[in-house]
Amino acid sequence: MGLVHGLHIVGVPMVVVNTTAQLSAATVAIVYTGTEYTWAPTTADIANLQAFVKKGGHLIAMSNVPASLSTLFGVTSVLVAAGSTRSYVQFNNVETTPAVLRGMNWSDSADYTMTILDTAIGGAFQTVGYKAAQTTPAVASLANYYLATGADTSANSAALTVFTPTGYTGYAYAVGIDVGYFYFRAMSESTQIGNNYIGFYQPGYDSILRILKNVFQRTTDFMMLWPVPYNKGITFMTTWDLDTAIAYPHAMAIAAQALQDGANGNVNMHTKYIADAYETDYFQYGVPFIYHLSGFPKDAWGRASIGMESHSVSHSPNADYFPLGTPAVEFQQGVNVTSKAGVITGYAPVIFLCDTSATGTPTNGETCSKGGTSGSSFWTLGGTIFGEVRVSKYLIDSVMAGLNLTQTALTYRPGNLAFAVTQGQVAAAIGYIGGSSCANNGHSTHLPFHVTHNRQPYSEMQYGDYYEMPLSMSDANMNMSSAYWNGSDLQQQSVIAYKISQYGGLYNILIHPSQIMFDKLQLQSALHDQVRPYAYFANTTGIVSFWTARDRVVMSHTTAGTVVTALVVFAAPTNGLTVQVPNTWQLSSVSAGFAACQNTSYDGSTRAVVFTTSIGGTATVKFNVVAANTALSAATACADFTSRRSSQCFGFEVLVASFISTYEMTKGVNDIDMPTFPSANVFTTFTDDQRLQVQVAPDTTTYSTDNYWYTGLSQFCFDITVYTTVSFDLVAAAGSDFFISLLTYDSSCTNQVPTTTYLRVSDYTTMDGKNHTINIPVADFNLGASAQFTQTLKFWNMAPRSAIFYVDNIIIKKRCMYGPGEAGTLGTPIDSFDSIARWSSGYNALGGITDAVSMLHARMPYLNNLILEPNSATSYYYSKFNGTINPAAAGNTYLVISVAGPAGGSFRISLLSGATGATVTYVTSTTYGTLTSTSTPTVFQIPLTAFTGSNAALLYGLQLTTFTPVTAGTQFIVNYISFGPPTGTVKTAAATCAAVPGLAISNYCVYKQFIENVNTLGGYAGDDYTASLFYPGTQNTTSKLGKVEFVPLASTTHWRTVFGSGTGCYDASSYNAVQIQIAGPVGATARVILNAGNATGCAGEASFAATLTFKGLGTPVVATIPITGVTGLSPAYLQSLYVDSWSVASATYEIYYVSLIANAVTNTPLTQIAAMAPASAPSCPTCTGLSVFNWCGSTTIPTTNKLGGYTNDDGTMSGQYLGYGGTLQLVPAAGSYWYTNFGTGCYNVGTATALQIVVNAPAGSKFNIALQGYTDTACTKVGTLYLVSSATYATFDGVNSQTLSIPFKAFTGLDATKLISLSLQDFSQVNVPYSFSCISLTVPPAAVVPECTTCGGTVVATGCGLTAAPTANSLGGYTSDDGTMTAMTIGTGATISLTPNANSYWYSLFGTGACYSAGTATGLNIVASAPAGSNFVIALRYMTNAACTTTGPVLTVSSAAYATFDGVTAKNFTIPFTDFGGIDSTKLASISLQSFTTVGKAYLVSCISLTVVPASAA
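Bear in mind the structure is a predicted one, so any value in this text is a computation, not a measurement.

Cut-offs applied
Residues numbered from 1 in each chain as written. Predicted model: local features only at pLDDT ≥ 70, side-chain atom pairs only at ≥ 80, totals over all residues. Heavy atoms only, no water. Helix = DSSP H or I, 4+ residues; strand = E, 2+ residues; numbered from the N terminus. Rg over C-alpha atoms; globule rule 2.2 N^0.38 Å. Contact = heavy atoms within 4.5 Å. Areas by Shrake-Rupley, 256 points an atom, 1.4 Å probe, with all protein chains shown as cover. Lys, Arg positive; Asp, Glu negative; His and termini not counted. Charge placed at Lys NZ, Arg CZ, Asp CG, Glu CD. pLDDT = per-residue confidence, 0-100. Phe/Tyr/Trp six-rings, centres within 6.5 Å; stacked < 30°, edge-to-face > 60°. Buried < 20%, exposed > 50% of the residue type's maximum accessible area, 1.4 Å probe, protein only. Pairing = 2+ DSSP bridges. Axes fitted to C-alpha atoms, helices over the stretch in contact; angles between N-to-C directions. Parallel < 35°, antiparallel > 145°, perpendicular 65-115°, else oblique. Left-handed = near helix turned anticlockwise from the far one by under 90°. Nonpolar A, V, L, I, M, F, W, Y, C, P; charged D, E, K, R; others polar. Salt bridge = Lys/Arg side-chain N within 4 Å of Asp/Glu carboxyl O. 1 Å grid on protein atoms, 1.4 Å probe; cavity = no way out; pocket = protein on both sides within 12 Å on 5 of 7 lines; lining within 4 Å. Points joined across faces, edges and corners; volume = space filled by probe spheres on them. Disulfide = S-S within 2.5 Å.

### Observations regarding the overall build of the chain
Of regular secondary structure, the chain possesses 16 helices and 89 strands. In summary, the chain has a C-alpha radius of gyration of 36 Å against a globular reference of 36 Å for 1514 residues, a match within 12%. A principal-axis box enclosing the C-alpha atoms of the chain has dimensions of 120 × 95 × 75 Å. Taking the intrachain contacts of the chain between residues at least 6 apart in sequence as the baseline, contacts between residues at least 24 apart amount to 76%. Split by element, the accessible area of the chain, about 55,700 Å² in all, is 54% carbon and sulfur. For the chain, the distance from the average position of its 57 positive side-chain charges to the average position of its 76 negative side-chain charges is 5 Å.

### Quick word on the confidence of the model for the chain
Atom-level detail of predicted coordinates should not be read off regions where pLDDT is low. Here the chain averages 87 in pLDDT, and 94% of its residues register 70 or above. A low-confidence stretch, residues 336-344 stays under pLDDT 50, and its non-local contacts, those more than four residues away or across chains, total 15 contacts. A low-confidence stretch, residues 1034-1040 (pLDDT under 50), is modelled with 18 contacts involving residues beyond four sequence positions or located in other chains.

### Looking at the packing of aromatic side chains
For the structure shown, the criterion picks out 68 aromatic pairs. When the centroid spacing of 5.8 Å and the interplanar angle of 55° are considered together, the rings of Phe-1189 and Trp-1234 count as tilted. Remark: Trp-1234 occurs in strand 72 (residues 1233-1237) and Phe-1189 occurs in strand 68 (residues 1186-1190); sequence separation between them is 45 residues. Its relative accessible area of 1% is what places Trp-1234 among the buried residues.

### Things to note about the sheet that holds strand 69 (residues 1207-1208)
Pairing within the open sheet is antiparallel, and its five strands lie in the order 69-72-77-74-75. Every other strand in the sheet has two partners, leaving strand 69 and strand 75 (1278-1285) as the edge strands with one partner each.

### Things to note about the packing of helix 8 (residues 283-293) against helix 9 (residues 385-402)
With their axes 11 Å apart at the nearest point, helix 8 and helix 9 run at an angle of 45° to one another. The pairing of helix 8 with helix 9 is recorded here as oblique in orientation. You can see that helix 8 and helix 9 cross each other, and the crossing is right-handed. On helix 9, the residues touching Phe-283, Val-287 and Ile-290 of helix 8 are Leu-395, Val-399 and Met-400. Its residues assigned to classes, the contact of helix 8 with helix 9 shows six nonpolar, no polar and no charged.

### A few points about helix 1 (residues 2-9)
Counting buried residues in helix 1 gives six out of eight residues, a clear majority hidden from the surface. Three or more residues of helix 1 are buried, namely Gly-2, Leu-3, His-5, Gly-6, Leu-7 and Ile-9. Structurally, helix 1 contributes buried residues whose contacts are with strand 1 (28-34), strand 2 (58-63), helix 5 (179-188), helix 6 (206-217), strand 22 (449-450) and helix 13 (540-550).

### Description of the pattern of salt bridges
Scanning the model with the defined rule gives 28 salt bridges in all. Across the pair Asp-834 and Arg-838 runs a salt bridge, and its minimum N-O distance is 2.9 Å. Like Asp-834, the residue Arg-838 is buried in the burial classification. The network of salt bridges with common partners includes Lys-813, Arg-815, Glu-822, Asp-831, Asp-834 and Arg-838.

### Here's the deal with empty space enclosed by the protein
For the structure shown, the criterion picks out seven cavities of 30 Å³ or more. As a volume, the largest cavity reaches approximately 70 Å³. Forming the walls of the largest cavity are Pro-249, Met-252, Phe-289, Glu-653, Leu-655, Ile-811, Ile-836 and Ala-837. Taken together, the elements giving at least two residues each to the lining of the largest cavity come down to helix 7 (247-260), strand 34 (652-657) and helix 15 (836-841). Considering only enclosed or pocket space, the second largest cavity measures out at about 60 Å³ in volume.

### Focus on the state of the cysteines
Each disulfide consists of a covalent bond between the sulfur atoms of two cysteine residues. All chains considered together, the criterion is met by nine disulfides. Residue pairing for Cys-354: its cysteine sulfur links by disulfide to Cys-368, the two sulfurs lying 2.1 Å apart. Between Cys-354 and Cys-368, the S-S torsion sits near -95°, and that sign places the bridge as left-handed. A residue pair is termed long-range when its members are at least 10 positions apart, and Cys-354 in the loop between strand 17 (350-353) and strand 18 (369-370) and Cys-368 in the loop between strand 17 and strand 18 qualify at 14 residues. With relative accessibility at 30%, the residue Cys-368 sits in the partly exposed group. Disulfide pairing places Cys-1183 opposite Cys-1334 at an S-S distance of 2.2 Å.

Next up, the structure:
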């Protein structure tokens, strides 16, 4: 039965027969005896089997080969009993044309070895070995047994053989591993087969199943099922276990981010309702969040995109020892109740700590088990399998039903993955369809599996199907760093996922959304992006439902001439079902009601038919039989099923500190388990109403403004630009104040970047002794590039002495929408629905109560989206204003509401006024706007005067009522409700951002003018990237608004604003002066230049200048410059205004505005100077070769390139606009990318050898250039992304454009004749513009290759013959600095030039395998030069076991022991391996150079080799 289950998993259809006479219609047959049964075939059996192979059939014996069949199989077999010293099976790379072993990765020992150790019996499980029975023709041994000490040298060491007898056309295979036995041993987890439990690539029995499938594919007449929907490589599951109270609100965040990534997920809810020694009773706390979780969008199947799964009741670590219990168990207020019949029906499991107390010793014979993070052991009283499974489902389903929801828990994961063998059938009997109860390595598989009764090989489930989706990795086994470097968790798991994808496996990651949330969110998103090209994202319920339907699919086919007619019978809709067929079958049609397409199968071995629409019943599919190399039909080709990041914005919040838990207070941590700490002169405590009380020291001896309180955000660093708002509640007395900062670090997350922004909290709220929710935009912290490495939130300089502050609900949010009164606009938010926790508590932004109980549903799954589903015409939403208010007193004359809803729908907006709200007046939404869809909001701007009869000075509350239509599933989505002027009216500060006099030309009160380098007239305004700093004044405080800070790089640095567009001029005849407001250091000067046409018109040129003397920052000079009465200057032809010639370069200047004024009194006379170039766009930069993009002359951003390829950023950029002079300005956020396709199909670069990009980027920045192509000749299989770093080809200074010429060969492994797309991604600095001029395919001039210096022995790495820093060494091993170097290029003398900064390193792998033998070499030879007096560390890494799967320690020596560098001459030195101490030179893994003592200067490495060190040197 195990073999049948296994073949089902890999999609091989089969019929079980009991006589050999029934094989005549088959092409493949398996004679399954297992290892224990000895079969004695009859004469008729022998004849039937011989005839089967003779006619071309494929016959597989598993596992014993009777002596009477030895001539057919070419072998004799020997049974080796369980407990033998055999350790693993190794497959042999002996097939000239891969067939049976197709798909094996011969460079990865995990792929070509299979562990058979069984810890339960202390050795290998029972196997059969084979010995060749004849030599002519030869028997091919495709696999052999190995012992832990080396090869099995016994005569019967073959584990897998294939043989074709003379005169036969078929094949006879002997398989010594009993897959059925292996399957059930692994399923029961009664043993540990292999070395690991989780987190490694360990295919286990998958390897044999792949081989059996390959045998079926050797025929030319088959239909098989691929394991992953939509012909993708891997089913990727993101699952979250909610094991704490705080995990429920955090589940909202991590689920929203998954949907933003384009991935589905599953929350596994622990329904604990009894507090005990192990955990608190927090299920009831999670109920509101369960409700909101149910509001996430449906997936493509119409099911919940965020599934909800049971995660047990008790969460006991002892659950695998629980007794079965009674199916009559039920939830009864958590009390055990014994009926008169003596049957326990209540369920109250209680967990006790194992210790010396009265309850510390188990009274039920249970064994103490370790659990949780404390390291302590526990035992459980009253726990049963039925109780855990049945009661948890009852609770979840009851909550759903009580909330008018039809969603139910259909899948189950036991707490601590402590499953019992009886769990599956109990769960199936209760109504579950599957779950995730176990680990992949512990079960020796990376595939789902179908559970049998008691996980035994005797009978199927009696109550229905039940599927397990084994766990692949848990955050408990990871450090949660999202950094990608060789050996990091992210890199290793990405590689493992890719390996699993090669045969359609499953990757299931578990994340606990409790601690270090920012690290986990960032890692989750990074992992999604890594697997996106080949992953199908699924939640547990969705993929289990798919497998349940998939396993019921029945297929058959007939062939008539060149037409194949296939019947595919669906028991249920199974969209995405992928059927593998021979490469000679061309899809021609599918019957009505179904839709299908055809591509090459993901593994490249067959063609794949994907059913994109499937209904229950029978699909008739027709194929034409064609030649094997015939191209796929364009008419039936599949679309790209790659999951993209969602274009919809999903907002969420991370609760950093709620001050609810006394555990947090005593442990000094916040809600995400990061440390909190006050300075010695600040006292903190938790109040009874669950707030943080912060008191500044009261006496003069301890008080100082140098005080602080901080709370950690990330254990490493995280990119805070993903988020928009830092929010917290504050009560502070009048006259008190403090500053707030975000602390950031360098890219290594070890050295703090000096804080430059201290935000005064009183700039954001009123200190009046009342509670205020403070929302500070992340942008206000002005973090620049270091925002990617944020770690801590800090309160500083709290004053005055003895001040007390009450802080609550510190939250960091990702917002998607803002209403009036937010994001720098005027108004007063009533509710922006920007806090799920607050909405669940029933309060709005004003502190008033809200009510929507009359609705069928009122859910807020993500921020700014309150989803209302009316229950009837009387359903309403109500919001009270927390006392009466007078909006007009604050300048608010409108009620502004953003709502999305059904096209043509409507609702009524009612205002309640008067002291008790008794006066009700209303308007109808259709008077002020039209609803168009639930995905497109409509902003209704309603004058308060429209509410005729209301008391506008005494408003009490509002209602949304009378929704139309009211039908099942109808939704109205409310984004925000505010009082204000018309939406988007910018808040300004009159004192420093007063109205610009006259006609504003450049006005830096308008933030857009800085972001887009544009002035009011649409002309260019900016520094042309000539300044070292050009940044808007801090946006948060009134003292900084309305100006840009400008730091010249040199006196020639300039700022300009252009009056005309292009080569045109502006007619300023009605004005007599230009006015500029500008400030600088006291006594410093600058020159202002006015360019205009002369009397001959705009084509003529005349320039006039004046000198400005500054009075200090904050004290701007207002220069009023005449444009009339100036000889040679015609105001009808104004061109531009420049400022340059800064007398104090590198100082800060402030530019406010430029305007035109009529009838002005001038104060700055002009002097004519030599004419400057006209104020027209500079000539466009060009790229050589075939142009892909040149933005020169574009007036709008093109969506296609010059090859016709589609171009987009998928909305990931913060900004994208056309810059002055023909450039594309990309302003990235974290995770942003921009891509362009090479035409519309498979693109061949022809004679081009390189990609060329001209770009000007911020100083010190870098980004990755990625190319993607097809991997097959038919251009149907999309390959992975190949990346190179811009840092390898250019160093940006923020001033000058750089030309990157990147050879296609730098994208190692890419086929440049089959290109798909180019993308720019992984920008190191965000929220600053990168200026791209052009992109082309080119043949760069041949580089002069310098003379080479050689090392003795086997060369590992050299710069010889290279024109760019290598990504692979002479042994083929990967080589990189992971972007840590300031520069890495080919230097003089054919050297690899490394310019390090702090923490830089460079490494090179020894070859492409897991390890490398140095052979007779006894050490290293290095030729290098380095800065005088410097040295560096040479580090070797090696593997410690024979399979080269276990990494040894890093062993190091210093170059100082072997060479003294003078900064001029290259030093040739050798290092014996013995100096590294204990290294095994037969298993070398990598070499790295690190710990450079001098940074910022080049180290030149000529070569590194493995050599025989002379005895004198050793």
